[in-house]
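# Examining the three-dimensional arrangement
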Amino acid sequence: MYSSNCCRGACRVLRESRVKCPINVSVSLRTMSPRPLASWTFVKLTGSAAGPRVQAARTVWSSSVDPAELRKFQAVSSRWWDLQGGCAALHAMNELRVPFIRDNLLNVHSVRSLGKPLAGLRILDVGCGGGLLTEPLGRLGAAVVGVDPVEDSVRIAELHASHDPELQKCVKYRACTLEDLAHEEEEGFDAVLASEVLEHLADLDTFIHCCHHVLKPGGSLFITTINRTQLSYVLGIVLAEWLLRIIPSGTHDWDKFITPVELERLLESCSPGE
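In short, a report on the structure.

Parameters at a glance
Residues numbered from 1 in each chain as written. Predicted model: local features only at pLDDT ≥ 70, side-chain atom pairs only at ≥ 80, totals over all residues. Heavy atoms only, no water. Salt bridge = Lys/Arg side-chain N within 4 Å of Asp/Glu carboxyl O. Helix = DSSP H or I, 4+ residues; strand = E, 2+ residues; numbered from the N terminus. Buried < 20%, exposed > 50% of the residue type's maximum accessible area, 1.4 Å probe, protein only. Contact = heavy atoms within 4.5 Å. Pairing = 2+ DSSP bridges. 1 Å grid on protein atoms, 1.4 Å probe; cavity = no way out; pocket = protein on both sides within 12 Å on 5 of 7 lines; lining within 4 Å. Points joined across faces, edges and corners; volume = space filled by probe spheres on them.

## A short note on the pattern of salt bridges
The full count for this structure, using the stated rule, is 14 salt bridges. A salt bridge links Lys256 to Asp66; its shortest N-O distance comes to 3.0 Å. With Lys256 in the loop between α9 (230–243) and α10 (260–270) and Asp66 in the loop between β1 (38–44) and α2 (67–75), the pair connects residues that are 190 residues apart, well separated along the chain. Note that Arg102 is salt-bridged to Asp103, the shortest N-O span being 2.8 Å. Taking the relative accessible area as the measure of exposure, Arg102 reaches 27% and is therefore partly exposed. Taken together, the salt bridges that share partners define one network made up of Asp66, Glu69, Lys72 and Lys256.

## Brief notes about the environment of Ser77
Among the structural elements, Ser77 can be located in the loop between α2 and α3 (88–108). For Ser77, a relative accessible area of 6% corresponds to the buried category. With 75 residues separating them in the primary sequence, Ser77 and Asp152 have C-alpha atoms 6.0 Å apart. Those residues in contact with Ser77, other than ones at most four positions away along the chain, are Val150, Asp152, Ser153 and Ile156.

## A short note on the pairing of strand β4 (residues 171–174)
Residue alternation in β4 divides its side chains into a buried set, Val171 and Tyr173, and an unburied set, Lys172 and Arg174. With four bridges joining them, strand β3 (residues 143–147) and β4 adopt parallel strand pairing. Paired with Gly146 across the bridge in β4 is Tyr173.

## Quick look at the side chain of His252
Mapped onto the fold, His252 is located in the loop between α9 and α10. Residues contacting His252, with those up to four places away along its chain left out, are Glu199, His200, Ile226, Gly236, Ile237, Glu241, Ile247 and Phe257.

## Observations regarding empty space enclosed by the protein
Evaluated as defined, the whole model comprises one cavity of 30 Å³ or more. Taken as a whole, the largest cavity holds about 50 Å³ of empty space. What lines the largest cavity is a set of ten residues, and nearest its centre among them are Ile101, Leu133, Ser195, Phe222 and Thr224. Of all the secondary structure elements, the ones that give two or more residues to the lining of the largest cavity are α3, β5 (189–195) and β6 (215–226).

## With respect to unusual backbone geometry
Unlike most non-glycine residues, Glu196 shows phi in positive territory, near 60°. Note that Glu196 resides in the loop between β5 and α8 (204–214). Phi at Arg245 is positive, roughly 55°, even though this residue is not glycine. By secondary structure assignment, the location of Arg245 is in the loop between α9 and α10. Among the residues examined, Arg245 registers a relative accessible area of 67% and is labelled exposed.

## Details of the side chain of His109
With respect to the helices and strands, His109 occurs in the loop between α3 and β2 (122–126). Owing to a relative accessible area of 11%, His109 belongs among the buried residues under this scheme.

Geometric values such as these leave the question of function open.
This is the structure in structure tokens:
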């Protein structure tokens, strides 16, 4: 009982700390005061949303995947839909992530259907895991592709979605890296999501370049990640991993957390035409 209450309390602290000061990054990189624990970023790329997507010559991307991180997620791949387990905070964050993505997309695209407001949009969920964010966006009408390099996580996502015939029509999963997809993708996506992914990567430059590569002109890039602060170390590692053991010890490396300023600089340096 005590452990369960502490887990819910910690998830609530994490969730509330992420919503106080949202960071909106547009073409001009307009920013509000950074949140102490996490960065939430929305990028609207330049170019006409209705214009043709220009395919560049084939690029050989280096891999952004960290093999050590893959091993971590392989070990916990069966627990994505355990609401009381290590993914409880991610489930709770959907109360913020889904409306954040939906509302920003509706500011760019007209409402297609009252029941399915994201109908007609194509979304890529990178590092989808078990489909925790992929599924609710599919239920809003979007055609969502979830990709993850951990094959067992993708199989779990497919199994969970198979229980809902409506989801099977709009949600697809692939066990591959973003770089693999970037080599093959021709149609492009209206939006790319990278939620709680950056802090687990080996090469951020390659990852962001690939995000830009698979976006349609005028597409939107959504990033949520953990800010590198003393508070994130205490809550995300000491409390969540060591004391409450909400998530396995070693899940996060504080040195790989990225600050809002660092993220903005990265996005500016990797923007098309830069």
